[in-house]
Amino acid sequence: MKLGDATIDRAFEQSFPVSVLSLTTDEALIERRAGTLPPGFLDRKSNAFAFTSQSWIVQVDGLVVLVDPCTGNGRHLGQAPVFDDLDTPYLDRLGVRPERVDVVFSTHLHHDHCGWNVRRDGGRWVPTFPNASYLFVDAEYERWASTDHPNTFSPNVFGQCVRPVVDAGLATVVSPPHRVSPSLTIEPAPGHTLGHAVLRLESDGTTAYFTGDAFHHPLQFTDPGLHLPGCDDLARAIETRAALVDRVRRESAFVFPAHFPAPHYGRLGLDGDEVCFLPGETGLLQSR
Ligand SMILES: [Zn+2]
């Protein structure tokens, strides 16, 4: 799709069911805010939504920017089987050759957001995007470089997905807010992980946020207190989520989360006094 002068594409990796009841058991809320959305957001039979792993490719200011490069092939984490030993045509779905990617940005360093940083070459992990500048947020880089963090989700991610990039001289550690180009800024959005950040696009009067895991499901727009397990700092994650909801609404911005099913992005509106998700282009039409 086009947003201002930017072109935004999506690369799909995989999708699997996650129970919406792990966010809330409030059936009326689920029906009201998820039951009215496209089917991927709520399967009534199983109460599951289609947790989707995808990357966003933003082309603007003469750059090809890859956001959140998924889990990757041939990696065995031994933590959640759904992420183990993948063999997907992700790179074919990117729509650009790896050599053409100029910037790689991970909203955070969970394994499903930086796995394709590297690919296996013989017995070694080497950078998948040999001409890219890989941007790491300082607080996030330090959190994962340390081996003594109590939250052990995504083991060995630094050694496998970050270290080879550093060793190849392709890594830049940045302190947000960090301007990537005239239209793109990395902004802090901590909590899900300590250095979690979002990418803000502003182009020709249109604004969009690539929000990583600040939101896993639209129910969290309505109630920012709802969450899946695994946050580094839950109280901060909730605070960040509430602040993002306010900003996105104030700026009539698009959100491009990392894990939403089709149509994968949208805007926010109000239904009475309740914040609701307007999937796809709906928000654009309603805001006119
Ligand atoms: Zn994730």
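Coordinates for the structure precede this section.
Computed from a predicted structure; not experimentally measured. (Residues numbered from 1 in each chain as written. Predicted model: local features only at pLDDT ≥ 70, side-chain atom pairs only at ≥ 80, totals over all residues. Heavy atoms only, no water.)

Asks: Explain the environment of Val245 here, please?
Replies: Locating Val245 in the fold gives a position in helix α6 (residues 234-250). Its relative accessible area of 4% is what places Val245 among the buried residues. It is 8.7 Å that separates the C-alpha atoms of Val245 and Thr222, two residues lying 23 residues apart in sequence. Beyond its immediate sequence surroundings of up to four residues, Val245 is in contact with Phe215, Gln220, Phe221, Leu268 and Val275. (Helix = DSSP H or I, 4+ residues; strand = E, 2+ residues; numbered from the N terminus. Buried < 20%, exposed > 50% of the residue type's maximum accessible area, 1.4 Å probe, protein only. Contact = heavy atoms within 4.5 Å.)

Asks: I keep staring at the sheet that holds strand β9 (residues 171-174) and nothing clicks. Help me out?
Replies: The strand order β1-β2-β3-β4-β5-β8-β9 describes an open sheet built from seven strands, whose pairing is mixed. The open sheet has two free edges, formed respectively by β1 (2-3) and β9, since each of these has just one partner strand. The pairing of strand β3 (residues 48-60) with strand β4 (residues 63-67) spans five bridges and is classified as antiparallel. Opposite Trp56, over in β4, you have Val67 as the bridge partner. Strand contacts of helix α3 (residues 138-145): β8 (133-137) and β9, with the helix running at about 80° to β8, the strand carrying the most contacts. (Pairing = 2+ DSSP bridges. Axes fitted to C-alpha atoms, helices over the stretch in contact; angles between N-to-C directions.)

Asks: Before we go on, may I ask you to explain the coordination of the zinc ion in this structure?
Replies: Metal coordination angles in their ideal form are 109.5 degrees for the four-donor tetrahedron and 90 or 180 degrees for the six-donor octahedron. Protein coordination at the zinc ion comes from Asp112 (OD), His113 (NE2), Asp213 (OD) and His259 (NE2), with a distance range of 2.1 to 2.4 Å. Its four donor atoms give the zinc ion angles of 84 to 160° at the centre, a pattern that matches the irregular case. Spacing between the donor residues of the zinc ion along their common chain follows D-H-x99-D-x45-H. Of this pair, Asp112 sits in the loop between β5 (103-105) and β6 (118-121) while His259 is found in the loop between β14 (254-257) and β15 (266-271), placing the two residues 147 residues apart along the sequence. Of the residues examined, His259 reaches a relative accessible area of 1% and is grouped as buried. (Donors = N, O, S within 2.8 Å, 3.2 Å for Na, K, Ca; no water. Tetrahedral: all angles 85-135°; square planar, octahedral: opposite > 155°, others 65-115°.)

Asks: Explain the environment of Glu202 here, please?
Replies: Position of Glu202 among the secondary structure elements: in strand β12 (residues 197-203). The exposure class of Glu202 is partly exposed, given its relative accessible area of 40%. Through-space distance from the C-alpha of Glu202 to that of Glu13 is 27 Å; in sequence the pair is 189 residues apart. Setting aside residues up to four positions removed in sequence, Glu202 forms contacts with Ser183 and Thr207. Looking at Glu202, its side chain comes within polar contact range of the side chain of Arg200, at 2.7 Å. (Polar contact = N/O pair within 3.5 Å; in protein donor to acceptor, adjacent residues only side chain to side chain.)

Asks: Help me understand the state of the cysteines in this model?
Replies: In protein chemistry, a disulfide is the covalent bond that joins the sulfur atoms of two cysteines. Within the structure shown, the criterion is met by zero disulfides. The thiol of Cys231 is not disulfide-bonded; the next cysteine sulfur, from Cys114, is found 17 Å away. (Disulfide = S-S within 2.5 Å.)

Asks: Where do I start with the packing of aromatic side chains in this structure?
Replies: The geometry of two aromatic rings is summed up by the distance between their centres and the angle between their planes. Applying the stated criterion across every chain, the model contains 18 aromatic pairs. Between Phe129 and Tyr134, the aromatic rings sit 6.5 Å apart at their centres with planes inclined by 50°, giving tilted as the arrangement. In terms of burial, Phe129 and Tyr134 fall into one category: buried. Between Phe254 and Tyr265, the ring centres sit 6.1 Å apart and the planes meet at 55°, which makes this aromatic pair tilted. Separated by eleven residues along the polypeptide, Phe254 in strand β14 and Tyr265 in the loop between β14 and β15 bring together distant segments of the chain. Here Phe254 matches Tyr265 in class, with each residue buried. One Lys or Arg, Arg75, reaches over the ring of Trp125 and ends 4.4 Å from the middle of that ring. (Phe/Tyr/Trp six-rings, centres within 6.5 Å; stacked < 30°, edge-to-face > 60°. Lys NZ or Arg CZ within 6 Å of the ring centre and 35° of its normal.)

Asks: For this particular structure, what's the right way to read α6?
Replies: Since there are 3.6 residues in each turn of an α-helix, residues three or four apart along the chain are aligned in direction. Here α6 contains 17 residues, and its C-alpha end-to-end distance of 24 Å stays within 8% of the 24 Å for a straight helix at 1.5 Å per residue. The complete set of buried residues in α6 reads Ala237, Thr240, Arg241, Leu244, Val245 and Val248. Seen end-on, α6 carries its buried residues on one side only, within an arc spanning 140°. Exposed positions of α6 whose direction lies more than 90 degrees from the buried face are Ala235, Glu239 and Arg250. Against β12, β13 (206-212), α5 (219-222), β14, β15 and β16 (274-279) lie the buried residues of α6. (Expected span 1.5 Å × (residues − 1). Arc of directions from axis to C-beta.)

Asks: Would you explain the pattern of salt bridges in this entry?
Replies: A side chain of one charge can pair with a side chain of the opposite charge when the charged atoms of the two come close. Applying the stated criterion across every chain, the model contains ten salt bridges. The residue Glu187 makes a salt bridge to Arg247 at a minimum N-O spacing of 2.7 Å. Of the two residues, Glu187 is situated in strand β11 (residues 184-188) and Arg247 in helix α6; the sequence distance between them amounts to 60 residues. According to the relative accessible area criterion, Glu187 is buried, its value standing at 13%. The salt bridge partner of Arg247 is Glu251, with a shortest N-O separation of 3.8 Å. (Salt bridge = Lys/Arg side-chain N within 4 Å of Asp/Glu carboxyl O.)

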